[in-house]
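Geometric and topological summary
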Amino acid sequence: MARTRTSDPGRISALHYAAASRQKHAKRLVYAELRLVVLAAVTLVLGPFAGRPAAGGPGQINADTLTPCAACQALSLTPDQMALSIGAFNGSRLVIRVTPGGNYASAASALEDIRARGGRPGLHFVGIPAEDDPLLGAPADLIVIETGSGDPDRLTFELKRALAAARGRNAHATLLVAAPSSVATALQERGLGPYTDGFVLPSGTISRPADLLTPVAESIRLVRVTGDAAAAREILRASAALQSWFPEGLIRAADRTLSCGTERLAAYLNPTTLDLVAVSATCTPPATVTSDLRGAVVERLDVDGVSAFRVRADAGGAFASQVEVAGARTLTVAEIVARHQAAAARQASEIGTEIAEGTLTLTFEAPGFVAPITITSKTTIFGDRGSGTGDQSLTEIRQADIRVNGAPFSAGRSAPRLPIIEPERAAAPPLAITLTGVYRYALAGRATVDGRDTYVVSFAPLDGRAPLYRGRAWIDAATFGMVRVAAVQTGLRGPITASEQTDDFQADGRGHWLLARSDVRQTYEGASVRTPIHRLLVIDRHELNPPDFAARRAEAYASQDVMLRDTPEGYRYLTEERRKAEGGRRKDGGPAALERVLARRVDRIRTLAFGVIVDPNISQPLPFAGLSYVDFNLFGTGAQFNGFFGGSFGQLAFSAPSLKGSRWQLAGRAFGIASSYNDRAFDEGREQYALDIRQRPADAAVWLLRPLSPRAALRIEYDWDYTRFTAGELTAAAFAVPRNQNAHVLRIGIDLQRAGWQASLWGSAARRVGWRPWGLPGDESAVDPRGSYQRFGASLLRSQALSPRVSTRIELAVMDGRHLDRFSRYAFGTFENRLHGYPSALIRYDRGGALRSAIAWTAAKGIRLDGFADTAEVHDPGFGPRIRNYTGFGAAAEVPAPFGTLLALEWGFGLRGINTDGRAGTHVIRISGYKIF
């Protein structure tokens, strides 16, 4: 399989839009072809004069149908032979014989000469031209590409590219392939049919005018004109004279008679003019030809020893008037795809350079942030078809005015200390021409998109294991340009486990279909981090072939904005360095010029995090300060590592995205906290201080993840859950403190993604080791010696950017379980399963659901305001037998601080939270600071 780099419908880098922008160069303009079909009504009208039908189209050969046809001859001439011709051509089909890459001016001049003198001009390529061959855009009515034998796959690939380019540049030309029958069959079996209007046999030769009257079976017969200049001139003169006598589509008229003495001549009927014609090599002058039509006049034309005869349609009123029935043929999906590829080739040939400007908004979830992290930038995309490698354009991106949660970000002229996370490159984009078959296409119907009538083409990979795409494309029915494409990527093996993308295009005044909006939704599985990613690119302006392209790109290089380049290995940052030449100095003695070069990959992030948490259930405000270290390519293996130590708590996590190149992922995490906090007990909502204890939790987990489809993944997880219990200051002496919990948990889940929504279904079974009865003597409601319990639930999450200034998140979770006691129930906490405004371990429930929402608004440069509202309907046995509502709300502000630090102040209020003094209403405050270095 030939690997063709794209854009990705499905790029997953932080700058996906560059791939999408490159894809727009593949959307081209072409006009639908209408083919007129003479229906059976003609035969019925002609009655007894009708014989066998003519060949149905170019290259369709019927050995039983042999008729003389001067108009079927495509006379192949060299430009020098054309220069010898004189007079008018009267509709003769004349093709200029060229080699690929030949002289365009000479060929174009000959074509214009043919057209000016009433001929039908064409090109005859001896060999397969490259798709960028200027001759493919020459003003020809017919283009014939003659090929010999060779590898059928390679021939098909090269012909598809050449034919698509030809149709894109000359939508009304007839395209034919000249090849031996065996080669033509092999090409058709490999799907070349929709790209061409037919197949013909390799070119024969014609050396005398009489050969023009040789009976043929083809609708077009390719012949090379040979002989000296005089012979070539006579052949052209005879062709011009015979065009109206022997056009295409003659029908054998078995019941009509033209006689030369006692010799009966084969008669042919012209179904358009209803003239009757015949040919004879033996009825030489002065022999007379007669017709069985009374009073008919027989016209005669002698050509190089062969005589032609004609009886006009109005002779004796013997023929009926002309009848023509026509209709438009419905295109097949293969023909629609081929015409789209032709439109793409045309657009690519017309756009050498492009500058596109717009905005990019990236949102994702991160631990510790109440609302999604939002990164915005003003984005300029430079596309240079002439500077790429192979048939790929060079795509570079400039990001200016980058803001992280509203705070300005600058890396100077160096590469940012942030990795570019993207999935593995697809083997080939959909609707592209590839060496071998990659996708299966189907016509899914018609639809109207933004007022445009479109064909809906579905596509799916032939190999579901390969990194390809599955989805639909909406192709304009008039121009065959891409209006919209929506796809999911298949066969992912990296940390991006799901990726779906919808791109919308708009046509400019010249019919170029250009990217207007790209919406990408992904799921990222990192070291102990699972987050949805939303990328929204909106293009406001396109400039095609701008005259100052080089100067503006040079200005971008010289700026302090972030620059990236698309490479076969993925996106890479461009950093600035002195050009190493002549000892680092110019010839005039000045310093060497600065230039942008590819930077090394950024695989590590170090973050200083600090702050304090004020939680009513934590005896003292919990300060933390520590260092986070994330390695995206641990020891060069592709594995990820994440470690954080904050003094009072810490976490370690790892992730191996692909085990031995498979789609299985291995990951794990461990968490511990040094501080103890209260586990409070309630009875009908009244706190039972004698039952309070202190707890300090820790846990570890390891799991396997396996994508099942582009939208679903299986998760198998083992958890070790440990909690140390001790008596509190007010705990009753008779209260039996539970033994330290040591639980082994097996968890199985399914993760799903669609249209930006992420869903999870999961269930777990746990067993405690060494568990024993606990509680007050005689209190049967508290004493629970059971050592096993089960949990199960589901969640639904959507995080998205509504605009560069506003992003939102909404999450719904439902949970239930069996045999859950005080220490195995669910709890809202400070670090996980947060209910804003409610302290850790205040509410312990065995079933229920929670709805969380947040909105983030960049109010001004450098200031972002967050708002959130949470509500839960859960059953906590400590607050009675009924399900109770717990609602909290709050706000947060994020502002930049000196030394590139981001500060966040978050406040939450729980309406039904219970303080340690028994009052209703709890406040939870978190102050955080982050510095990346």
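Bear in mind the structure is a predicted one, so any value in this text is a computation, not a measurement.

The next point concerns the nonpolar core. Of all hydrophobic cores here, the largest spans 60 residues; its most connected members are L75, L123 and F246. Here this core gets eight residues from one element, more than from any other, and that element is helix 5 (residues 152–169). Counting 35 residues, the second largest nonpolar core, distinct from the first, contains L331, I381, A477 and M482.

This next bit is on the sheet that holds strand 5 (residues 174–178). An order of 6-5-4-3-2-1-8-7 is seen for the eight strands of this open sheet, with the pairing classed as parallel. The sheet is open, and its two edges are formed by strand 6 (199–200) and strand 7 (204–206), each paired on a single side. As defined by bridge partners, strand 2 (residues 93–98) adjoins strand 3 (residues 120–126) across six bridges and the pair is classed as parallel. If you follow I96 over to strand 3, its bridge partner there is L123.

Let's shift gears to the environment of D721. Among the structural elements, D721 can be located in strand 40 (residues 712–727). Along the chain, D721 and D699 lie 22 residues apart, while their C-alpha atoms are 4.6 Å from each other.

What follows deals with the packing of helix 5 against helix 6 (residues 181–189). Closest axis-to-axis distance for the helix 5/helix 6 pair is 9 Å, and the angle between their directions is 70 degrees. When the axes of helix 5 and helix 6 are compared, the pair comes out roughly perpendicular. On the side of helix 5, the interface is formed by P152, L155, T156 and L159, while helix 6 contributes V183, A186 and L187. For the contact of helix 5 with helix 6, the per-class residue count stands at six nonpolar, one polar and no charged.

Another aspect to go through is helix 5. The terminal C-alpha atoms of helix 5 lie 25 Å apart, and with 18 residues this matches the ideal 26 Å at 1.5 Å per residue to within 8%. Counting buried positions along helix 5 yields 13 of 18 residues, so the element is predominantly enclosed.

Right, let's get into the packing of aromatic side chains. Following the criterion strictly, the structure yields 17 aromatic pairs and no others. On the basis of an interplanar angle of 15 degrees and a centroid distance of 6.1 Å, the ring pair of Y455 and F480 is categorised as stacked. Here the residue Y455 occupies a position in strand 22 (residues 452–461), and F480 occupies one in the loop between strand 23 (469–476) and strand 24 (482–489), the gap between them amounting to 25 residues. Residue Y455 is classed as buried on the basis of its relative accessible area of 10%. With relative accessibility at 0%, the residue F480 sits in the buried group. Following the ring pairs from residue to residue traces out a cluster consisting of F725, F735, W771, W774 and F823. When the ring centre of Y455 is taken as origin, the NZ or CZ atom of R446, which lies over that ring, is 4.3 Å away. Between the NZ or CZ atom of R484 and the centre of the ring of W474, over which it lies, the distance is 5.9 Å.

Reading guide: rules and limits
- Residues numbered from 1 in each chain as written.
- Predicted model: local features only at pLDDT ≥ 70, side-chain atom pairs only at ≥ 80, totals over all residues.
- Heavy atoms only, no water.
- Core = buried A, V, L, I, M, F, W, Y, C linked by side-chain atoms within 4.5 Å.
- Buried < 20%, exposed > 50% of the residue type's maximum accessible area, 1.4 Å probe, protein only.
- Helix = DSSP H or I, 4+ residues; strand = E, 2+ residues; numbered from the N terminus.
- Pairing = 2+ DSSP bridges.
- Axes fitted to C-alpha atoms, helices over the stretch in contact; angles between N-to-C directions.
- Parallel < 35°, antiparallel > 145°, perpendicular 65-115°, else oblique.
- Contact = heavy atoms within 4.5 Å.
- Nonpolar A, V, L, I, M, F, W, Y, C, P; charged D, E, K, R; others polar.
- Expected span 1.5 Å × (residues − 1).
- Phe/Tyr/Trp six-rings, centres within 6.5 Å; stacked < 30°, edge-to-face > 60°.
- Lys NZ or Arg CZ within 6 Å of the ring centre and 35° of its normal.

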